[in-house]
Amino acid sequence: MLISISILPSGLVNPSCTNLVGSGCVVHVPSFFKELAALEKHGLDTTDRIFISDRAHVTLDLHTLVDGLEEVELGQGFIGTTKKGIGPTYSTKMTRSGIRITDIFDAELFETKLRRLADGFKKRFGDLLTYDADKEIARFQDYREKLRPFVIDQIPLLKSAKEMKAPILVEANAIMLDIDYGTYPFVTSSNTGLGGVLTGLSLGWRSIKEVIGVVKAYTTRVGSGPFPTEQLNEVGNTLQEVGREFGVTTGRRRRCGWLDLVLVKYSHDVNDYTAMNLTKLDILDGFDEIKIATQYSYKGQVLESVPASNEMLANVEVKYETMPGWKTATTGAKMFEELPENARNYVLFIEKFVGVRIKWIGTGRL
């Protein structure tokens, strides 16, 4: 069963897991209910297992319209956003003009805030913005009571979970999309690494026992931005097609390239991983040889890390290590010893270079 979700936590596929969309997230309410309906259609009972923090911010249809207009404004320098309104929602959050989930339940306050936002965007975009505030306000009249059972104060929930010593798994995002440490401005609008865990949830640093870096056996990117190991050739096409690399939110083909260990090590330096999960190793099964990026140089000078300058990153010279492929199916392997020798060597090379143990390896669908 293949399920695509963007807002909902993946823990919903586990019937014993309670799930929370934390205060650091932004939520498009119609999409929230659409994804819930899709899960229920597949027979997953989500009753009393999914909650939204009352402090999370609301992504309006207004934000999605503005997202598209902002991309048009950027012209050839467009970011390649999902046009789901995420950036504009975080923008209004940071300018303290946003709408939080809790505001939905005060109809007068919600309407006042929404109209104020709409008026501000209308002044900026003029006739380019076609938006009916009355229609969106009316839709939220229907959502208001439907949403109420899902909305909670996350602080008591997490406090209770910590007191019970319940296992807590927090899902983060790709570090190169982090607003501070990613390839700015080709990033999302929040902190997607460990820092976002601490600010977006009331856990506290002492609650964090393990930080797991999830890394594909090759490198991908969706949207614009520099990509040093991108393969605009048959290698890239094979990785994309065999790996079925399409963006979950947009359906766009992901850009694909050889594994970039400079990026992986940089991600570890930012997040301080205690272990790694190497996924999609089986996608490399058909290659005669496999390359791994191990060093960047710029104008003849070796770089110690990933540069902040996109101009530099887009023009680095990449040093590769070439390893023999294994030309044997790894799909379904359950033990490290079951992998072909060259596949094991590939995994061990990554471990040694990054300095973090690979605790899990993905070899295809169960």
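Scoring rules and cut-offs
Residues numbered from 1 in each chain as written. Predicted model: local features only at pLDDT ≥ 70, side-chain atom pairs only at ≥ 80, totals over all residues. Heavy atoms only, no water. Phe/Tyr/Trp six-rings, centres within 6.5 Å; stacked < 30°, edge-to-face > 60°. Helix = DSSP H or I, 4+ residues; strand = E, 2+ residues; numbered from the N terminus. Buried < 20%, exposed > 50% of the residue type's maximum accessible area, 1.4 Å probe, protein only. Core = buried A, V, L, I, M, F, W, Y, C linked by side-chain atoms within 4.5 Å. Contact = heavy atoms within 4.5 Å. Axes fitted to C-alpha atoms, helices over the stretch in contact; angles between N-to-C directions. Parallel < 35°, antiparallel > 145°, perpendicular 65-115°, else oblique. Left-handed = near helix turned anticlockwise from the far one by under 90°. Nonpolar A, V, L, I, M, F, W, Y, C, P; charged D, E, K, R; others polar.

What follows deals with the packing of aromatic side chains. Applying the stated criterion across every chain yields a total of nine aromatic pairs. Look at Phe-33 and Tyr-143: their rings are 6.1 Å apart centre to centre, the planes differ by 20°, and that puts the pair in the stacked class. Of the two residues, Phe-33 is situated in helix H1 (residues 29-41) and Tyr-143 in helix H5 (residues 133-147); the sequence distance between them amounts to 110 residues. Assigned by exposure class, Phe-33 and Tyr-143 land together as buried. Where Trp-258 meets Phe-287, the ring centres are 5.4 Å apart and the plane angle is 65°; that geometry is what we call edge-to-face. Of the two residues, Trp-258 is situated in the loop between strand E8 (255-257) and strand E9 (259-260) and Phe-287 in the loop between strand E10 (275-279) and strand E11 (289-298); the sequence distance between them amounts to 29 residues. The same class applies to Trp-258 as to Phe-287, namely buried. Ring pairing ties together the aromatic residues Phe-32, Phe-33, Phe-110, Phe-140, Tyr-143 and Phe-150, which thus form one cluster.

Counting 36 residues, the largest nonpolar core has Phe-32, Leu-60 and Leu-62 as its most contacted members. Those elements that place two or more of their residues in this core are H1, strand E3 (50-53), helix H2 (61-74), helix H4 (107-125) and H5. With six residues, the single largest contributor to this core is H4. Not counting chain neighbours up to four residues away, the residues in contact with Leu-60 comprise His-28, Ile-99, Phe-110, Leu-114, Leu-117, Glu-136 and Phe-140. Counting residues in each nonpolar core, the second largest holds 31 residues, with Leu-281, Ile-283, Phe-287 and Ala-343 among its members.

Running from N to C, helix H9 (residues 261-271) and helix H11 (residues 341-354) cross one another at 50°; their axes reach a closest spacing of 10 Å. When the axis of H9 is compared with that of H11, the two are oblique. In the packing of H9 onto H11, the handedness of the crossing is right-handed. For the pair formed by H9 and H11, the contact residues are Leu-261, Val-264, Lys-265 and His-268 on the first element and Phe-349, Ile-350, Phe-353 and Val-354 on the second. Broken down by class, the residue content of the contact of H9 with H11 amounts to six nonpolar, one polar and one charged.

Attention shifts here to helix H3 (residues 86-94). Of the positions making up H3, those classed as buried are Gly-87, Pro-88, Thr-89, Tyr-90 and Thr-92. Trailing H3 by a residue or two, Arg-96 shows a phi angle of about 65°, which is positive.

Between Tyr-184 and the following residue, Pro-185, the backbone shows a cis peptide bond with an omega angle of 10°. Tracing the sequence through the fold places Pro-185 in the loop between helix H6 (154-163) and helix H7 (194-200). For Asp-48, which is not a glycine, the phi torsion comes out positive at approximately 60°. A relative accessible area of 62% means that Asp-48 is categorised as exposed. Unlike most non-glycine residues, Arg-244 shows phi in positive territory, near 50°.

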